[in-house]
Amino acid sequence: MPLGQRAGDNSESRYAGCEILRHTDDIEEALSSSLSAGFDFIVLPLTNPEYRPSKNAGLVPPFCGSDLVFSSTQWSSHVVGRVSDWIELDGDDDVARLDSELVLRKELSWAGHLSVQACLLPTPKAFGCANYARCVNQVLQGLGNMQLWLRLPLQTPEMEEAEATDTEDAAYLKRDPISNRLLNDSWEWWHMFRTLCEYHNQLGVALDITASLPPASAIKRWIGEPLKAAILHTSAFLTNKRGYPCLSKRHQSLITMLFNHSVQVILSGESFHSVGALEYAAENGELGQDNGNSQDPLILYRDYVANLYRKLDPLTTQEQFELGYRDFLQAPLQPLMDNLEAQTYETFEKDATKYDQYQNAVRAALVDRVSDAEASTKTIVSMMVSVSGIMTFKFQVLMVVGAGRGPLVRASLKAAEECGRNLRVYAVEKNPNAVVTLSRLIKMEGWEDLVELVSCDMRHWDAPEQADILVSELLGSFGDNELSPECLDGAQRFLKKDGISIPSSYTSYIGPVTASKLYNDVKSYNDLSHFETAYVVKLHNAAPLAAPQPVFTFVHPTDNTDNRRYKRHVFNFSPDTGSALVHGFGGYFDAVLYKDIHLGIEPSTATPNMFSWFSIFFPLRTPIYVPAGALLELHFWRCVAPTKVWYEWSVTSPTVSPLHNPNGRSYWVGL
């Protein structure tokens, strides 16, 4: 049964499994016992560990029972196969190597026949797994829907043994004599193996979690990898005052993080807590109702993990909205070339936080331009002034350029009402379909005397008067990637010399990320152009490897209308993080709407509960390996031509990448 249920959360992390440590012929009892203890699946050895083809020639391999024991649905839903641990494909013994190759193929073939969801592969030898990876890669070329999970220690045995001793630093710094890479960084083992397997998207990771944990920054790298399962050993548990198993705070944080990234927990090992404690817990109702009659020794551990899951914070409205967009590549909008559809407008208009910030900015700007005393005088005493004998109101002029279906018009009028200032609004919109909706909104709200609708591209409009305030929401995920600079440079001719632009400035940010899923998704198109395209994406199974750095800043109004830019970045990778693979760069922005009122998605200052913008992802054609503690040098250009704007990017250290998207050959934004 699932560990629990959160509204909107249908991830795989709801399901927990247990590892059957020893070969058994009674797999029905093994599964029945585990299911009655609340587990959803078992990890089962596929053959008798005594079997060797060279010694048992001609015999039918002693697989774990018949495929008739369970239905195909039970095999696929409740069983993960485990390849024999004894196989040694990179040793010097030819007989053992050939036996290992044959058993690996036979077991994976049998697992495919059973339709199990995945197979757990034994841990590879550090920097000595070429033949093992070759054999696995051969299987992957013809594999059906089954996943292969490579078993790896989160903390290597040598580091675990050296923890908190005088030899800990020496153990960490130990290097492979040939590759000169860190021997005790299991990520390095994974990187070698998956590279030999060509980054195949059916090869994932299952991490063994024991009592010892590496630094938090080293753990976070794994979020960007295809992490499928966490094998949580009973040896990782402590004992609380009442005799029950519990985890340290660091382990709790780790498991919680894994839950939030759809990683399944598999419990493994012997029970270190007595059956007496189990009986006591059952008597006192501390076990799940369905588990009370089971004597499975891992029940207490399973219930503790379930309790951690149930303590997860409920998904926020924003998180529920973002679920379907996580790690899903989308082409950025082309707002000047294309007219947005109603569905797109509707999505953006639901973002109350964004429009609250705009409303706050407009209110602050109005208060600065018209003091309270002046507003009171105009309203009460001399609100009407004579111009050529005609009585008129004194208004602040506000222009919304790119008004869409009217949310910024509404926010601006609300701001004026809140601070008691008089406002006349010009709503400028080029999309004729949005103009229809906006026209009806003006009539429905009774804004005819306050709002003048202009159906025109702001770049070609001749304004009848100049504005006190110019408001726009032309920002893209990278700030300037939807051509806000080009649009506002043209529109600032409407603005008085002392006028205010909202936003007044914005800065793009960029940082290296490891994101194997995104890389594989781009790779699946099998062409160059997709590797030279920027994508809007809600980064989730992606790990930032260094803090984002500012790239380009644009200020409005401005005297400098040359929007070409170039920036060189040097990112320092912390030695504690270990080595990492950079699949691309995450892009973000932060905008100053007015004075201290801002909005943005740069992670360290991101506006809470705002979902109008996701990050932007700039992929690399070939991932860049960055050793522990090394520097990464990135060059980034914003290029402008008469009909388009585009970005180019390249890495020059620690290795050199090709220049991506030269002359905008693959991706550009049309003017």
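What counts, and where the lines are drawn
- Residues numbered from 1 in each chain as written.
- Predicted model: local features only at pLDDT ≥ 70, side-chain atom pairs only at ≥ 80, totals over all residues.
- Heavy atoms only, no water.
- Helix = DSSP H or I, 4+ residues; strand = E, 2+ residues; numbered from the N terminus.
- Buried < 20%, exposed > 50% of the residue type's maximum accessible area, 1.4 Å probe, protein only.
- Contact = heavy atoms within 4.5 Å.
- pLDDT = per-residue confidence, 0-100.
- Lys, Arg positive; Asp, Glu negative; His and termini not counted.
- Salt bridge = Lys/Arg side-chain N within 4 Å of Asp/Glu carboxyl O.
- Polar contact = N/O pair within 3.5 Å; in protein donor to acceptor, adjacent residues only side chain to side chain.
- Expected span 1.5 Å × (residues − 1).

Counting secondary structure elements, the protein contains 19 helices and 28 strands. Each principal axis of the C-alpha atoms in the protein carries an extent, and together these give about 110 × 60 × 50 Å. Buried residues in the protein amount to 53% of all 671 residues. In the protein, once contacts between residues fewer than 6 apart in sequence are set aside, the share between residues at least 24 apart is 77%.

A residue-level look at the protein finds 94% of positions with pLDDT of 70 or above and a mean pLDDT of 91. Every residue in residues 286-290 scores below 50 in pLDDT, and together they form 13 contacts with partners more than four places removed in sequence or on other chains.

This brings us to the side chain of aspartate 176. When you line up the elements, aspartate 176 lands in the loop between α6 (168-173) and α7 (186-196). Arginine 181 provides the closest opposite charge to the buried, unpaired aspartate 176, separated from it by 7.7 Å. At 2.8 Å, the side chain of aspartate 176 and the backbone nitrogen of serine 179 are in polar contact. Not counting the four nearest positions on each side in its chain, aspartate 176 is found in contact with Phe127, Arg181 and Leu183.

Between histidine 556 and the following residue, proline 557, the backbone shows a cis peptide bond with an omega angle of -5°. Residue placement: proline 557 occurs in the loop between β21 (549-555) and β22 (565-572). A positive phi angle is found at tyrosine 199, which is not glycine, with a value near 55°. Mapped onto the fold, tyrosine 199 is located in the loop between α7 and β6 (203-209). Residue tyrosine 199 is classed as buried on the basis of its relative accessible area, which comes to 17%.

A few words on helix α11 (residues 299-310). Its 12 residues place the ends of α11 16 Å apart at the C-alpha level, agreeing with the 16 Å of an ideal helix rising 1.5 Å per residue. Burial of α11 is extensive: 10 of the 12 residues sit out of reach of the surface. All buried positions along α11 are accounted for by Ile299, Leu300, Tyr301, Arg302, Asp303, Tyr304, Val305, Ala306, Leu308 and Tyr309.

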